[in-house]
Amino acid sequence: MIQERKIIYLEGFLFSIPIALASYINSSFISSFISEKFVGIIYVLGSISSILALLLAPKLFKKIGGYKFLILIATLDAFSFLTLALTKNALGIIAVFILAFSLNALVFFSLDEFLKILSENSVTGKVRGIYLMVCNLAWILAQLISGTILEDFSLRVVYFTSFLVMILFLIISILKLKNLPEPKYDKINSFKYVNKFFQNKNLFRAYGINFLLQFFYCWMVIYTPIYLHAHLGFNWKEIFLIFALMLSPFIFIPFYVGEIADKIGERKILMLGFTIASFTTLSLFFIHQHSIWLWALLLFATRIGASSIDGTSDTYFFKHIKCENEELVGIYRSASPVSYILGPIVAFIILSLVPSLNYIFLILGAIMLYGIYLSSTIRKSDI
């Protein structure tokens, strides 16, 4: 089982690279085809398609099996990156971006399922911590790769690089994942399992915590690159250096908080994580200098909070489900696309009312304060 988990860790690392390569350039790439004001709407459409895909995924996952499901969607995902690298038609770019948004969510869904099968509750925090650590290491590496590529090449080369990494991901999946065990899936109606999820107070709370975190990521991923590049004048090399430093807490914090959560529970860690994320995000509103190290330091601080929440929220959720509950994983992971629906809509309204883009940080910090209260409602009997 340990050897199989190492394969999933490797797969998580490899898949995170193309996602990370593209994530911080997507909004700028799309804004070269449509107005910056409407970029968020494309994310909304992609997120709606992701939610529908995650709701349908459990049925297909059961019908064809986890291995075949992963190979199918990973193949489609690889060619979506290739299409983004080659297509010059605006409508084609938008359509493929929306499709890729869904496919990315489904690949992560599949890896979640495999990892849950290979985990026991007593070590869920540790296993999830290691998984997040290696995935986040890929995010840091990807920022350095992106910065190097964009020194001499266009954004399209980043997407082509993502395609090449996805081919490697596929090769390892085909060779190493074929014999992983399948759980005995529950037979449950699609509509009933949504109701079942939100009637469970622990799953409902876990979803709320995860949603706040994903909302934080949504605004940070879409608007921070635009703000740094278009409003403060940072070039792409500087931006990706900042982001590489910013993401470094994700290398070590999820692993340690996962182990601690296994011993003392998740409540205190989540409350501390939300407190740090909230107040450090609020501080960004007051920074207007073109300073690489100042922005790197403050964004680094926000990710200390976010990485603490990231590992602990997953630990809390996966301790409350069984490996055959793949339909519940789909609901939990829908927090990300839901945040990418509501996030851009809320941001569009806010940006229509405030004088500058940096108000995003002020309001986001205030929103994250609610996470402190939500985490405080966890009791010892809930763990």
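Our structure's up above, just so we're on the same page.
Keep in mind that this is a model prediction, so the values were computed, not measured.

### Structural notes on the overall build of the protein chain
For the protein chain, the count of helices and strands is 15 helices and 0 strands. Taken against the 2.2 N^0.38 rule, which gives 21 Å for 383 residues, the C-alpha radius of gyration of the protein chain at 20 Å falls within 12% of a compact globule. Projected onto its principal axes, the C-alpha positions of the protein chain cover 55 × 45 × 35 Å. Going through the 383 residues of the protein chain one by one, you find that 61% of them count as buried.

### Some remarks on helix H14 (residues 335-351)
Because an α-helix packs 3.6 residues into every turn, residues spaced three or four apart end up facing the same way. Compared with the 24 Å implied by 1.5 Å per residue over 17 residues, the 23 Å span of H14 between its first and last C-alpha is a close match. Among the residues making up H14, those that are buried are Ala335, Pro337, Val338, Ser339, Tyr340, Ile341, Gly343, Pro344, Ala347 and Ile350.

### Some details on the pattern of salt bridges
It is possible for side chains of opposite charge to pair when their charged atoms get near one another. Tallied over the entire structure, the rule returns 3 salt bridges. Here Arg333 ties to Asp112 by a salt bridge, and the two come within 2.4 Å at their closest N and O atoms. A residue pair is termed long-range when its members are at least 10 positions apart, and Arg333 in helix H13 (residues 326-333) and Asp112 in helix H4 (residues 90-117) qualify at 221 residues. In this structure Asp112 comes out as buried when scored by relative accessible area, which is 2%.

### Some words on the side chain of Ser313
Position of Ser313 among the secondary structure elements: in helix H12 (residues 292-318). Look past the residues within four positions of Ser313 in its chain and what remains in contact with it is Ile209, Asn210, Leu213, Leu270 and Tyr332.

### Some remarks on a nonpolar patch on the surface
On the surface, Phe38, Ile41, Leu45, Ile48, Leu52, Leu55, Ile345, Phe348, Ile349 and Leu353 cluster together into a nonpolar patch covering about 870 Å² of accessible area. Per-element tally for the nonpolar patch: the top contributor is helix H2 (residues 39-64), with 5 residues. The class for Phe38 is partly exposed, based on a relative accessible area of 44%.

### Quick look at the nonpolar core
The biggest cluster of nonpolar side chains holds 137 residues, and the ones touching the most others in it are Phe169, Trp219, Phe243, Trp295 and Phe317. Tallying contributions element by element places helix H8 (residues 201-231) first for this core, with 19 residues. Not counting residues up to four positions away in its chain, the partners in contact with Phe317 are Phe197, Leu203, Ala206, Leu328, Val329 and Tyr332.

### Side note on H8
With 31 residues, H8 ought to run about 45 Å at 1.5 Å a step, and its terminal C-alpha atoms sit 43 Å apart, in line with that. The sharpest bend along H8 comes to roughly 35°, located at Tyr223, with the proline Pro225 sitting one to four residues further on. Capping the start of H8, Asn200 holds a side-chain oxygen 2.9 Å from the backbone nitrogen of Asn202, two or three residues further along. Once H8 ends, the next one or two residues include Gly233, with phi positive near 80°.

### Notes on the packing of aromatic side chains
As enumerated under the stated definition, the model contains 34 aromatic pairs in all. Centroid distance Phe160 to Phe163: 5.9 Å. Interplanar angle 40°. Geometry classified as tilted. Taken as a pair, Phe160 and Phe163 lie in helix H6 (residues 155-176) at a separation of 3 residues, close to a single helical turn. Ring centres of Phe215 and Trp219 lie 4.9 Å apart, and the angle between their planes is 45°; on these two criteria the pair is classed as tilted. Placement of both Phe215 and Trp219 in helix H8 is noted, with a separation of 4 residues, approximately one turn of the helix.

### Re the environment of Phe216
Assignment of secondary structure puts Phe216 in helix H8. Separated by 141 residues in sequence, Phe216 and Leu357 place their C-alpha atoms 15 Å apart. Beyond its immediate stretch of four places on either side in the chain, Phe216 contacts Thr281, Thr302, Arg303, Ala306, Leu364 and Met368.

### Focus: the packing of H8 against helix H15 (residues 359-376)
At a closest axis distance of 10 Å, the pairing of H8 and H15 adopts a crossing angle of 165°. Put simply, H8 runs roughly antiparallel to H15. As for how H8 packs across H15, the hand of that crossing is left-handed. Contacts between H8 and H15 involve Arg205, Gly208, Ile209, Leu212, Phe215, Phe216, Trp219, Met220, Thr224 and Tyr227 from the first element and Ile360, Phe361, Ile363, Leu364, Ile367, Met368, Tyr370, Gly371, Leu374 and Ser375 from the second. Here the contact of H8 with H15 is built from residues that sort into 15 nonpolar, 4 polar and 1 charged.

### Observations concerning the side chain of Gln143
For Gln143, the position within the fold is in helix H5 (residues 124-152). Here Gln143 falls in the buried class, since its relative accessible area comes to 0%. Every residue in contact with Gln143, bar those within four places of it in the chain, is listed here: Ala20, Tyr24, Phe240, Phe243, Ala244 and Leu247.

### Notes on the environment of Ile242
Within the secondary structure, Ile242 sits in helix H9 (residues 236-246). For Ile242, a relative accessible area of 0% corresponds to the buried category.

### Points about the packing of H2 against helix H3 (residues 66-86)
Here H2 crosses H3 at 120°, and the two axes come no closer than 6 Å. Regarding the angle of H2 to H3, the classification is oblique. On H3, the residues that touch Ala57, Leu60, Phe61 and Ile64 of H2 are Gly66, Lys68 and Phe69. Residues that form the contact of H2 with H3 fall into these classes: 5 nonpolar, 1 polar and 1 charged.

Parameters at a glance
Residues numbered from 1 in each chain as written. Predicted model: local features only at pLDDT ≥ 70, side-chain atom pairs only at ≥ 80, totals over all residues. Heavy atoms only, no water. Helix = DSSP H or I, 4+ residues; strand = E, 2+ residues; numbered from the N terminus. Rg over C-alpha atoms; globule rule 2.2 N^0.38 Å. Buried < 20%, exposed > 50% of the residue type's maximum accessible area, 1.4 Å probe, protein only. Expected span 1.5 Å × (residues − 1). Salt bridge = Lys/Arg side-chain N within 4 Å of Asp/Glu carboxyl O. Contact = heavy atoms within 4.5 Å. Patch = residues over 30% accessible without salt bridge, like charges linked within 9 Å, V, L, I, M, F, W, Y side chains within 5 Å. Areas by Shrake-Rupley, 256 points an atom, 1.4 Å probe, with all protein chains shown as cover. Core = buried A, V, L, I, M, F, W, Y, C linked by side-chain atoms within 4.5 Å. Bend = angle between axes of the 7 residues up to and from the residue. Polar contact = N/O pair within 3.5 Å; in protein donor to acceptor, adjacent residues only side chain to side chain. Phe/Tyr/Trp six-rings, centres within 6.5 Å; stacked < 30°, edge-to-face > 60°. Axes fitted to C-alpha atoms, helices over the stretch in contact; angles between N-to-C directions. Parallel < 35°, antiparallel > 145°, perpendicular 65-115°, else oblique. Left-handed = near helix turned anticlockwise from the far one by under 90°. Nonpolar A, V, L, I, M, F, W, Y, C, P; charged D, E, K, R; others polar.

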